Amino acid sequence: MGRPRTNDEAVRERLVECATEMLATRPRESVSVRAVAAAAGASTTAVYSLFGGKDGLIGAVRARAVAGLFRDLSAVRASADPLVDLYALAVAYRRWGRGHRHLYTVLFGGVQAFDPSGEVGAGDPVRPLLAAIDRALTASVLAGDATAIALSVWGTLHGLVTLELAGALDAATADAAFHSSVNATLRGWATPEVFRDLRRADNARQETRADGA
C-alpha cells in the first residue's frame, strides 16, 4: 500500500481555510506552520511541500482574498451613470466583506497593505473603483484627484464594513449608515451642479420617508 498523499487539492484547501481563520482571529506571529497543519489535520511537511513554508501559505490566503474581492467588484457592470456604478461597487464591496469576513479581516488587517502610491495591477481590487472614478471625472460628475477620491471612498467603506463585522452596528443602523455615508462621500467630490442635484434628490427622499412614517 502506497504512502498517503500529502499534497493533494483537498489538503491544500484545508490548509488555506484553517490559515485564513487563524490569521483573522489570532496575532499573526502566533500562527505557526505546526498550528495550521494540526488544525487542518495535515502534516507540517504538507505545508512546505504545497506552499514552501509559512510565508507561502499566507501568500496563498492573501491571493484568495484579492482574487475574490476583485472578481465580485469586476462583476459590477458599467452603466451610463458613473455615480450609480460607484454606489453599486460600494454595495458589492460590503456584500463581499460580509460574506467572507475572515478573508476580509486578513486582507485589510495587516497581511495586505493598501498602497495608494503603488502601481495598480491587473487583478487589483481597486482597479474597478478607479475605472468608475475615471469615468466620473471624464463626465465632469466628480472633480478632484482620482487617487484621493479612491482613498476617500475606500476609507468610508472600510470603516463601515469593519464596524459591521465587529458587531458594533445592528442591521438597521448598518444599512442606514452605509447608504448615507457612501452618498455623502460621493457628494463631497461632486461638481457643484451635480452636488445640488444630489442634495435635492436626497432631500426629496427624506421628505417622502417622513410623509410615510
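Residues numbered from 1 in each chain as written. Predicted model: local features only at pLDDT ≥ 70, side-chain atom pairs only at ≥ 80, totals over all residues. Heavy atoms only, no water.

(A) Structural view of the packing of helix α4 (residues 54-74) against helix α6 (residues 101-108). Taken N-terminus to C-terminus, the directions of α4 and α6 make an angle of 110°; their axes are 9 Å apart at the nearest point. Here α4 lies roughly perpendicular to α6, going by the angle between them. Residues V61, R64, A65, V66 and L69 of α4 form the contact with α6, whose own contacting residues are L103, V106, L107 and F108. For the contact of α4 with α6, the class distribution of residues is 8 nonpolar, no polar and 1 charged. (Axes fitted to C-alpha atoms, helices over the stretch in contact; angles between N-to-C directions. Helix = DSSP H or I, 4+ residues; strand = E, 2+ residues; numbered from the N terminus. Parallel < 35°, antiparallel > 145°, perpendicular 65-115°, else oblique. Contact = heavy atoms within 4.5 Å. Nonpolar A, V, L, I, M, F, W, Y, C, P; charged D, E, K, R; others polar.)

(B) Fine view of the side chain of D85. Among the structural elements, D85 can be located in helix α5 (residues 82-99). Polar side-chain contacts of D85 include one of 2.6 Å to the side chain of S79. Once residues lying within four places of it in the same chain are set aside, the contact partners of D85 are V76, R77, A78, S79 and R135. (Polar contact = N/O pair within 3.5 Å; in protein donor to acceptor, adjacent residues only side chain to side chain.)

(C) Region of interest: the nonpolar core. Core analysis: the largest hydrophobic core is formed by 58 residues, its most contacted members being L15, V36, L57 and L86. Discounting residues that sit within four places of it in the chain, L15 has contacts with V36, A37, A40, A42, A46, V47, L50, F51 and L57. (Core = buried A, V, L, I, M, F, W, Y, C linked by side-chain atoms within 4.5 Å. Buried < 20%, exposed > 50% of the residue type's maximum accessible area, 1.4 Å probe, protein only.)

(D) A look at the packing of aromatic side chains. Applying the stated criterion to the full structure yields 6 aromatic pairs. Between F108 and W154, the ring centres sit 5.4 Å apart and the planes meet at 55°, which makes this aromatic pair tilted. With F108 in helix α6 and W154 in helix α8 (residues 146-165), this pair connects stretches of sequence that are 46 residues apart. (Phe/Tyr/Trp six-rings, centres within 6.5 Å; stacked < 30°, edge-to-face > 60°.)

(E) Broad picture of unusual backbone geometry. For S140, which is not glycine, the phi torsion reads 60° and is therefore positive. Summarising the element assignment, S140 is placed in the loop between α7 (126-138) and α8. Given the relative accessible area of 47%, S140 is considered partly exposed.

(F) Layout of the packing of α5 against helix α9 (residues 171-189). Where α5 contacts α9, the axes come no closer than 11 Å and their chain directions differ by 140°. Regarding α5 and α9, the two cross each other, and that crossing is right-handed. Across the interface between the two elements, L83, L86, Y87, A90, V91 and R94 from α5 touch A174, D175, F178, H179, V182, N183 and L186 from α9. Looking at the contact of α5 with α9 residue by residue, the classes come out as 9 nonpolar, 2 polar and 2 charged. (Left-handed = near helix turned anticlockwise from the far one by under 90°.)

(G) Spotlight on the side chain of T185. Here T185 lies in helix α9. Not counting residues up to four positions away in its chain, the partners in contact with T185 are S152, V153 and T156.

(H) Representation of helix α1 (residues 9-25) in the model. The terminal C-alpha atoms of α1, which comprises 17 residues, lie 24 Å apart, in line with the 24 Å expected from a rise of 1.5 Å per residue. Inspection of α1 places V11, L15, V16, C18, A19, T20, M22, L23 and A24 among the buried residues, and these make up the whole buried set. Elements that come into contact with the buried residues of α1 comprise α2 (33-40), α3 (44-51), α4 and α6. (Expected span 1.5 Å × (residues − 1).)

(I) Local environment of α7. If you check α7, its first and last C-alpha atoms are 18 Å apart, about what 13 residues at 1.5 Å a residue would give, namely 18 Å. Of the positions making up α7, those classed as buried are V126, P128, L129, L130, A132, I133 and A136. Buried positions along α7 lie against α4, α5 and α8.

(J) Region of interest: the pattern of salt bridges. Considering all chains together, one arrives at 6 salt bridges under this definition. For the salt bridge of R64 with E13, the shortest nitrogen-to-oxygen distance reads 2.8 Å. Note that R64 is positioned in helix α4 and E13 in helix α1, a separation of 51 residues in sequence. Its relative accessible area of 27% is what places E13 among the partly exposed residues. Salt-bridge contacts for D175 lead to R94; the nearest nitrogen and oxygen are separated by 2.7 Å. You can see D175 sitting in helix α9 and its partner R94 sitting in helix α5, a full 81 residues away along the chain. Residue classification places D175 among the partly exposed residues on the basis of a relative accessible area of 40%. For R94, a relative accessible area of 9% corresponds to the buried category. (Salt bridge = Lys/Arg side-chain N within 4 Å of Asp/Glu carboxyl O.)

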